[in-house]
Amino acid sequence: MECEIMPPPPPSRLSLENITTLLRTPGTIAANTTGFFNRDISWLEFNRRVLHEAMDPRTPLLERVKFLAIYSSNSDEFFMKRVGLLRRKMAQGSVEKSVDGLTASQQYQAVRDKIAELTRETVDLWSKSLRPALEAEGIYMRTYAELTVQQREKADEYFRRQIRPVLTPLAVDPGHPFPFISNQSLSIGVLVKPPALGNGVGEGGSGGSSGGGGEHLFARLKVPQLLSRWLTFQEVVSGRETYVFMPIESLIEARLDALFPGMEIVEYQHFRVTRNAEVEAEIEDPEDLLEMVQEELRARRFADTVRVQISSTMSAEMRQYLMEGLEVDEDEIYELPEPLGKSDLMAIAAAVNRPDLKVPVWRPDVAPALADPAVDIFALIRAGDILVHHPYESFDSSVERFILTAVNDPKVVAIKMTLYRTSGDSPFVQALARAAEAGKQVAVLVELKARFDEERNIQWAQTLEEAGAHVVYGVMGLKTHTKTALVVRREEGGTGGGGLKCYVHVATGNYNSKTAQLYTDLGLFTCREDICEDVVDLFAFLTGRSLKRDYRKLLVAPLTMRQKFLAMIEREARHAQEGKKSRIMAKMNALEDLEVIQALYKASQAGVPIDLIVRGFCCLRPGAKGMSENIRVISIVGRFLEHSRVFYFLNEGGAEEFYMGSADWMTRNLSHRVEAAVPIEDPILQARLKEVFEVMLADNRQAWDLSVDGTWTQRRPREGESERSTHQRLMDLTMLRSAKSKTGKT
């Protein structure tokens with residue numbers, strides 16, 4: 001279909017002055033600002049946008065609970081990745097400043113202030129809005145004491161059979177050191193004393209010595225992570241199905257007398273530890289990458305604590321025990337209302353069978369080009385390039401079909417694939433193992449350093465090696481992030497030697513069937529000789545010692561991608577200066593690379609209209625007079641997580657250029673990872689990508705606009721205007737496209 005994207009107002013013609021000079025010019029940006037936003041503050045602002053979805057009454061109630069869980073999970077990740085890094089820089093006395101001119105200590109304080117603000121919003125959201133709204137719908141969170149007699153009987157039996165055998169109370173005294181607390185585990189801190197010392201403080205009390213004046217003793221109980229966090233009671237009350245969720249820590253607390261027989265319980269409270277994930281293995285000259293990653297995993301397990309979440313009612317005495325035992329300062333303690341670890345609320349949202357409180361279920365459609373399962377998929381690819389858009393179009397009928405067909409096809413002689421993240425029950429690993437056992441040449445690049453998936457990837461690598469597959473761990477010093485698969489097939493008239501023909505899949509997302517239902521990603525299937533030869537060369541670079549730097553079509557990082565993107569940006573700027581039409585549109589997860597940002601500023605000053613769709617953090621400051629007034633930045637946050645990376649350049653006088661791939665415009669992607677972006681040159685497929693840009697830029701429901709001062713404002717429909725939600729619109733277009741395909745229309 002033909003799509004017309006409206007550009008911003010005609011730009012004013014400005015000289016290409018130095019950014020710093022522009023910022024100091026009266027009448028531009030307020031004093032003491034720079035041309036860049038702070039990465040960490042921008043990251044936290046993204047998490048605020050996620051939290052807003054939990055606040056927004058237009059979002060169905062159980063979806064709001066999900067977004068609160070996602071916000072909590074994102075917060076955990078931020079502390080593990082960024083806070084520990086800042087604290088390490090502070091401890092080292094680093095004088096390095098961020099792009100916005102802050103020292104590590106200044107950044108840390110700014111982060112703490114922002115987190116405190118977000119925490120207050122989270123507390124109010126849960127206690128004043130979400131929990132009361134859930135109870136109004138018959139969905140309750142209860143403690144053991146609040147259960148009915150029948151519910152308690154069931155809970156007691158569950159405790160006896162499932163919980164009690166795995167509990168291990170750990171005392172702290174001169175003979176028992178403070179126990180190791182694993183990352184993100186929920187614990188119950190208990191203060192006890194012998195009964196002879198007098199009466200203790202009641203349940204959940206403030207602690208402290210009492211009666212005989214003896215010292216209280218501290219013990220820790222770990223809430224079992226292998227069990228569900230919630231014990232669920234479901235029944236019909238007054239004709240309505242109700243749900244009662246009790247956290248198992250409440251059940252454990254009700255049985256503390258049985259766990260500490262003969263002792264008096266003074267106080268019990270919850271706490272949760274977050275540890276630094278930015279650790280480096282203390283190992284010199286590792287024999288291989290596997291050894292280094294395994295050592296880093298061990299180091300991460302015992303890494304420094306960066307946050308301790310505690311119940312807001314915890315006594316000063318227990319608080320002191322934790323600070324001393326965990327070796328943390330007051331600024332690493334965060335008080336929160338129950339429940340701690342709100343990412344576990346995701347299970348509640350999933351367990352409640354109330355479709356009226358959720359978004360309608362979306363079942364991905366089959367891409368029209370792949371609609372007939374009886375037709376050989378390689379024949380379909382030979383008929384023309386195929387573009388699939390997940391989760392609008394299904395992953396299993398496209399990507400899984402491609403790989404599984406190759407595994408079972410006797411004409412296929414080789415399969416090569418990169419695995420960065422894959423699901424726990426991945427169909428790919430076992431299928432590739434079968435292919436290797438059947439005698440096919442199977443080469444798999446398993447990225448061992450995929451953050452938080454290292455252990456799983458090590459297991460996959462070992463499984464594949466045992467099956468006879470060639471497993472490599474990438475290029476030392478570079479993380480392999482590209483999403484590519486290559487199938488080599490023996491065919492009549494094949495273009496390769498001996499009648500071999502290649503088929504490739506290049507994508508923006510991982511080979512993960514679970515996230516493919518939640519993340520928006522694009523994938524291209526092609527057998528074009530120039531692209532296939534590039535992918536063959538790319539795998540030679542990954543598995544061998546190839547130093548090839550020139551590629552026909554692919555943009556490959558860290559070899560050619562940065563230079564090519566910069567050249568295309570500079571070309572648009574030159575065209576604008578020459579009075580020609582110019583245009584840049586780019587969609588990505590994050591924008592941080594300073595060289596790219598400066599190139600975009602120069603293009604804006606030259607008069608290039610630039611639209612950027614950035615889901616997460618963005619260090620570029622848009623709309624600054626004389627610097628970036630022709631740049632607009634929006635973020636799309638909604639039911640799906642925006643993950644695809646797409647880049648468009650008008651290229652007046654030539655052919656419009658579209659690229660899609662695995663890389664964001666971040667320094668780590670462009671300089672420290674192996675990435676690939678593929679051109680989309682088929683006019684029909686280009687129109688589809690342009691349609692995606694059009695839908696997103698017109699969004700008035702999920703889109704947020706970034707202003708020059710760093711604030712984000714969510715768009716709202718004007719009076720009388722209908723909602724234009726990106727995800728709903730793309731679902732509608734997918735169904736329309738499918739219907740036209742079935743009726744034979746184009």
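Nothing here was measured: the structure is a model prediction, and the numbers come from that model. (Residues numbered from 1 in each chain as written. Predicted model: local features only at pLDDT ≥ 70, side-chain atom pairs only at ≥ 80, totals over all residues. Heavy atoms only, no water.)

Quick word on the overall build of the chain
Helix and strand counts for the chain come out as 20 helices and 27 strands. The 746 residues of the chain split such that 56% are buried. Of the roughly 31,900 Å² of accessible surface on the chain, a fraction of 51% belongs to carbon and sulfur atoms. (Helix = DSSP H or I, 4+ residues; strand = E, 2+ residues; numbered from the N terminus. Buried < 20%, exposed > 50% of the residue type's maximum accessible area, 1.4 Å probe, protein only. Areas by Shrake-Rupley, 256 points an atom, 1.4 Å probe, with all protein chains shown as cover.)

Let's talk about the confidence of the model for the chain
Averaged over all residues, the pLDDT of the chain equals 87, while 87% of them reach at least 70. Ignoring residues within four places in sequence, the model shows residues 1-32, a span with pLDDT below 50, making 59 contacts including any to other chains. With pLDDT under 50 throughout, residues 281-287 is counted as low confidence; its partners more than four residues away or in other chains account for eight contacts. (pLDDT = per-residue confidence, 0-100. Contact = heavy atoms within 4.5 Å.)

Remarks on the nonpolar core
The biggest cluster of nonpolar side chains holds 84 residues, and the ones touching the most others in it are Leu591, Leu600, Leu612, Leu620 and Trp665. Ignoring any residue separated from it by four or fewer positions in sequence, one finds Leu591 in contact with Val596, Ile597, Leu600, Leu612, Val614, Phe617, Cys618, Cys619, Leu620 and Trp665. If you look at the next biggest cluster of nonpolar residues, it comprises 49 residues, including Leu478, Val674, Val678 and Val695. (Core = buried A, V, L, I, M, F, W, Y, C linked by side-chain atoms within 4.5 Å.)

Examining empty space enclosed by the protein
Under the defined criterion, the tally for this structure stands at five cavities of 30 Å³ or more. Considered as a void within the structure, the largest cavity measures approximately 220 Å³ in volume. Lining the largest cavity we find 16 residues, and of these Tyr71, Ser75, Arg307, Gln309 and Leu336 sit closest to its centre. Among the elements of the structure, α3 (61-91), α4 (104-136), β8 (305-311) and β9 (333-336) are those that each provide at least two residues to the lining of the largest cavity. Of the residues belonging to the lining of the largest cavity, the class tally is five nonpolar, seven polar and four charged. (1 Å grid on protein atoms, 1.4 Å probe; cavity = no way out; pocket = protein on both sides within 12 Å on 5 of 7 lines; lining within 4 Å. Points joined across faces, edges and corners; volume = space filled by probe spheres on them. Nonpolar A, V, L, I, M, F, W, Y, C, P; charged D, E, K, R; others polar.)

Some thoughts on the packing of aromatic side chains
Aromatic ring pairs are described here by two measures, namely the spacing of the ring centres and the angle between the planes. Going through the model one piece at a time under the given rule, you end up with 19 aromatic pairs. Consider the rings of Phe78 and Phe79, whose centres lie 6.4 Å apart with planes at 90°: the pair is edge-to-face. Judged on exposure class, the residue Phe78 and its partner Phe79 are both buried. Ring centres of Phe79 and Tyr334 lie 5.3 Å apart, and the angle between their planes is 80°; this geometry places the pair in the edge-to-face category. With Phe79 in helix α3 and Tyr334 in strand β9, this pair connects stretches of sequence that are 255 residues apart. (Phe/Tyr/Trp six-rings, centres within 6.5 Å; stacked < 30°, edge-to-face > 60°.)

Observations regarding the sheet that holds strand β1 (residues 139-141)
Taken in spatial order, the three strands line up as β1-β6-β5 in an open sheet, and their pairing is mixed. This sheet does not close on itself; its edge strands, each paired only once, are β1 and β5 (230-237). Geometrically, the sheet is characterised by an average inter-axis angle of 20° between neighbouring strands, direction not taken into account. In terms of strand pairing, β5 meets strand β6 (residues 240-247) through eight bridges, oriented antiparallel. Paired with Val237 across the two strands is Arg240, which belongs to β6. Packed on one face of the sheet, helix α5 (residues 149-163) meets β5 and β6 and runs near 155° to β5. (Pairing = 2+ DSSP bridges. Axes fitted to C-alpha atoms, helices over the stretch in contact; angles between N-to-C directions.)

Some remarks on the packing of helix α2 (residues 39-55) against α4
Close contact between α2 and α4 brings their axes to 10 Å; oriented N to C, the two are set at 5°. Classified by the interaxial angle, the pair formed by α2 and α4 is roughly parallel. Residue-level inspection shows Asp40, Ile41, Leu44, Glu45, Arg48, Leu51, Ala54 and Met55 of α2 in contact with α4, the latter providing Gln107, Ala110, Val111, Lys114, Ile115, Glu117, Leu118, Glu121, Thr122, Leu125 and Leu130. When its residues are assigned to classes, the contact of α2 with α4 shows eleven nonpolar, two polar and six charged. (Parallel < 35°, antiparallel > 145°, perpendicular 65-115°, else oblique.)

Some details on the pattern of salt bridges
Inspection of every chain in the model, using the stated rule, returns 51 salt bridges. Between Arg58 and Glu723 there is a salt bridge, and its shortest N-O distance comes to 3.7 Å. Residue Arg58 is found in the loop between α2 and α3, and its partner Glu723 is found in the loop between β27 (712-714) and α20 (726-742); the two are separated by 665 residues along the sequence. Under the relative-accessibility criterion, Glu723 is labelled partly exposed at 45%. With a closest N to O distance of 2.9 Å, Asp534 and Arg552 form a salt bridge. With Asp534 in helix α15 (residues 529-543) and Arg552 in the loop between α15 and β18 (555-557), this pair connects stretches of sequence that are 18 residues apart. Taking the relative accessible area as the measure of exposure, Asp534 reaches 0% and is therefore buried. It is possible to trace a salt-bridge network through shared partners that takes in Glu45, Arg48, Lys114, Glu117 and Glu121. (Salt bridge = Lys/Arg side-chain N within 4 Å of Asp/Glu carboxyl O.)

Observations regarding the side chain of Ser582
Relative to the assigned elements, Ser582 resides in the loop between α16 (561-577) and β19 (584-588). Setting aside its immediate chain neighbours within four residues, Ser582 contacts Glu572, Ala576, Gly607, Val608, Pro609 and Leu650.

Observations concerning the sheet that holds strand β3 (residues 186-193)
Ordered in space as β2-β4-β3-β7-β8-β9, the six strands form an open sheet in which the pairing is mixed. The two strands at the open ends of the sheet, each matched to only one other strand, are β2 (170-172) and β9. The average undirected angle you get between the axes of adjacent strands in this sheet is 30°. Sheet analysis places β3 next to strand β4 (residues 217-222), joined by six bridges and oriented antiparallel. When the bridges of β4 are listed, Val192 appears paired with Leu217. Together, β7 (264-275), β8 and β9 form the strand contacts of α3, whose direction differs from that of β8 by roughly 145°.

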